[in-house]
Amino acid sequence: MAKYGKKAQETVHEVMDKFKKGELKSGGSGKKVTDRKQAVAIGLSEAREKGAKVPEPPEHK
């Protein structure tokens, strides 16, 4: 069974396109995102908000 749904994959793809163009901004500070992993995390977060099939984020210890 797939870990991520089709809609989640599409959302992350859209966010990564923005990241590659240099247009992706972080939510809190509004600064330009320069880290690929942060861009993926933003995409997954947006997909979660849209109700796509995405596992819960890991708990911090």
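Now for a look at the structure at hand. Remember, predicted model here, so these are calculated numbers, not experimental data. (Residues numbered from 1 in each chain as written. Predicted model: local features only at pLDDT ≥ 70, side-chain atom pairs only at ≥ 80, totals over all residues. Heavy atoms only, no water.)

To continue, consider the overall build of the protein. Regarding its fold elements, the protein presents 2 helices and 0 strands. Out of the 61 residues in the protein, the part that is buried amounts to 28%. For the protein, the computed accessible surface area is about 5000 Å², with 51% contributed by carbon and sulfur atoms. In the protein, 15 positive and 9 negative side-chain charges are present, and the distance between their average locations comes to 4 Å. (Helix = DSSP H or I, 4+ residues; strand = E, 2+ residues; numbered from the N terminus. Buried < 20%, exposed > 50% of the residue type's maximum accessible area, 1.4 Å probe, protein only. Areas by Shrake-Rupley, 256 points an atom, 1.4 Å probe, with all protein chains shown as cover. Lys, Arg positive; Asp, Glu negative; His and termini not counted. Charge placed at Lys NZ, Arg CZ, Asp CG, Glu CD.)

Within the largest apolar cluster, 13 residues are counted, with the highest numbers of intra-cluster contacts made by Phe-19, Leu-24, Val-33, Ala-39 and Val-54. Put simply, the parts of the chain that give this core at least two residues each are α1 (6-21) and α2 (36-49). A total of 5 residues in this core trace back to one element, the largest contributor, which is α1. Aside from chain neighbours lying at most four places away, what touches Val-33 is Phe-19, Leu-24, Lys-25, Ser-26, Gln-38, Ala-39 and Ile-42. (Core = buried A, V, L, I, M, F, W, Y, C linked by side-chain atoms within 4.5 Å. Contact = heavy atoms within 4.5 Å.)

To continue, consider α2. Over its 14 residues, α2 runs 20 Å from end to end, which matches the ideal 20 Å to within 8%, given 1.5 Å per residue. Within the span of α2, buried status applies to Ala-39, Ile-42, Gly-43, Leu-44 and Ala-47. Buried positions along α2 lie against α1. Gly-51 sits one or two positions beyond α2 and adopts a positive phi of about 90°. (Expected span 1.5 Å × (residues − 1).)

Let us now look at the side chain of Ser-26. Locating Ser-26 in the fold gives a position in the loop between α1 and α2. A distance of 3.0 Å separates polar atoms of two side chains, one belonging to Ser-26 and the other to Ser-29. For Ser-26, the contacting residues outside a window of four places in its chain are Lys-31, Val-33 and Gln-38. (Polar contact = N/O pair within 3.5 Å; in protein donor to acceptor, adjacent residues only side chain to side chain.)

Among the surface-exposed residues, Glu-14, Asp-17, Glu-46 and Glu-49 lie close enough to one another that they form a single negatively charged patch. Elements with a contribution of two residues or more to the negative patch: α1 and α2. Structurally, Glu-49 can be placed in helix α2. (Patch = residues over 30% accessible without salt bridge, like charges linked within 9 Å, V, L, I, M, F, W, Y side chains within 5 Å. Salt bridge = Lys/Arg side-chain N within 4 Å of Asp/Glu carboxyl O.)

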